[in-house]
Amino acid sequence: LAKTTQPISMDSYEGQEVNITCSHNNIATNDYITWYQQFPSQGPRFIIQGYKTKVTNEVASLFIPADRKSSTLSLPRVSLSDTAVYYCLVGGLGGYQKVTFGTGTKLQVIP
Amino acid sequence: DAGVTQSPTHLIKTRGQQVTLRCSPKSGHDTVSWYQQALGQGPQFIFQYYEEEERQRGNFPDRFSGHQFPNYSSELNVNALLLGDSALYLCASSSPGIEQPQHFGDGTRLSIL
């Protein structure tokens, strides 16, 4: 299983764009990159998933360079409600994933 | 469309007791995984069930066991509870073979006294 490395914490002001980078040097050819958001006492919530290049949805963008050894989650114009822990995971497709979570990045949005 | 549901939401037990936690997967999902999340840590994979069989297992002792029913719901059983078993237990469901991530429930908070 590919191990991931993320910053332990980040602070950002409300309204700014936040970029959280994850390193995964040992990513396998068939691994996808998935990001989750978790609030205290709740389960992780899926944010975005990608394999290569760039993926965008209504809440975030995911940038993956050609070598796929890292990825960057971009949150546009964060609000106080985006204060949470963000996890980067790498693994195989859906139901066959033996998912390994790291310690995540604790994002604190400041008014 | 109901997501992943877990019961109970909170539970208090004493050392040595046994506990059963329950999970109903998201509609259309047939694979269930269980995770343990200690305070301040990321979730740790316990095991995964598919077609009523344990398919993968993390580094947990055999005090942790599970079951999956024909309707895809699942139970997590923990025997001989230890203080260190206090954690948030999360269930996640998914569908194999398609490009979909796991969906998580909000967990059961287990406290051991």
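Rules used in this analysis
- Residues numbered from 1 in each chain as written.
- Chains lettered and ligands numbered in written order.
- Predicted model: local features only at pLDDT ≥ 70, side-chain atom pairs only at ≥ 80, totals over all residues.
- Heavy atoms only, no water.
- Helix = DSSP H or I, 4+ residues; strand = E, 2+ residues; numbered from the N terminus.
- Rg over C-alpha atoms; globule rule 2.2 N^0.38 Å.
- Buried < 20%, exposed > 50% of the residue type's maximum accessible area, 1.4 Å probe, protein only.
- Contact = heavy atoms within 4.5 Å.
- Areas by Shrake-Rupley, 256 points an atom, 1.4 Å probe, with all protein chains shown as cover.
- Lys, Arg positive; Asp, Glu negative; His and termini not counted.
- Charge placed at Lys NZ, Arg CZ, Asp CG, Glu CD.
- Pairing = 2+ DSSP bridges.
- Polar contact = N/O pair within 3.5 Å; in protein donor to acceptor, adjacent residues only side chain to side chain.
- Axes fitted to C-alpha atoms, helices over the stretch in contact; angles between N-to-C directions.

A.B. asks: Quick rundown of the overall build of chain B? Include the residues and the values.
C.D. replies: Helix and strand counts for chain B come out as 0 helices and 11 strands. N-terminal to C-terminal, the α/β element order of chain B is β-β-β-β-β-β-β-β-β-β-β. Here the C-alpha atoms of chain B give a radius of gyration of 13 Å, agreeing with the 13 Å that 2.2 N^0.38 yields for 113 residues. Projected onto its principal axes, the C-alpha coordinates of chain B cover approximately 40 × 25 × 25 Å. The buried share of chain B, reckoned over its 113 residues, is 49%. Look at the contacts in chain B between residues 6 or more apart in sequence, and 53% of them connect residues 24 or more apart. Of the roughly 5300 Å² of accessible surface on chain B, 48% is carried by carbon and sulfur atoms. A distance of 12 Å separates the average location of the 8 positive side-chain charges in chain B from that of its 11 negative side-chain charges.

A.B. asks: Go over the pairing of strand 9 (residues 87–94) of chain B with me, naming the residues and quoting the values.
C.D. replies: Residue and element names in this part refer to chain B. For strand 9, the buried fraction is high: 8 of the 8 residues fall into the buried class. Burial of the side chains of strand 9 extends over both faces: A87, Y89, C91 and S93 are buried on one face and L88, L90, A92 and S94 on the other. In this sheet, strand 9 lies alongside strand 4 (residues 31–37) in antiparallel orientation, the contact comprising 7 bridges. Of the residues in strand 9, the one forming a bridge with S33 is A92. Pairing of strand 9 with strand 10 (residues 103–104) involves 2 bridges; the strand directions are antiparallel. Each bridged residue has a counterpart across the sheet, and for S93 the counterpart in strand 10 is H103.

A.B. asks: An account of the environment of E75 of chain B is needed here, citing residue identities and associated values.
C.D. replies: Residues and elements named next belong to chain B. By secondary structure assignment, the location of E75 is in strand 8 (residues 74–78). Residues E75 and C23, 52 residues apart in the sequence, show an inter-C-alpha distance of 6.2 Å. Those residues in contact with E75 that lie beyond four places of it in its chain are T20, L21, R22, W34, S65, G66, H67 and F69. Separated by 3.4 Å, the side chains of E75 and R22 make a polar contact.

A.B. asks: For the sheet that holds strand 6 (residues 61–64) of chain A, give the residues involved together with the corresponding values.
C.D. replies: In a beta sheet, neighbouring strands pair by backbone hydrogen bonds and run either parallel or antiparallel. All names here are of chain A. The 4 strands are arranged 2-7-6-5 in an open sheet whose pairing can be described as antiparallel. The sheet is open, and its two borders are formed by strand 2 (18–23) and strand 5 (53–56), each paired with just one other strand. Strand-to-strand twist of the sheet, defined as the mean angle between neighbouring strand axes without regard to direction, takes the value 15°.

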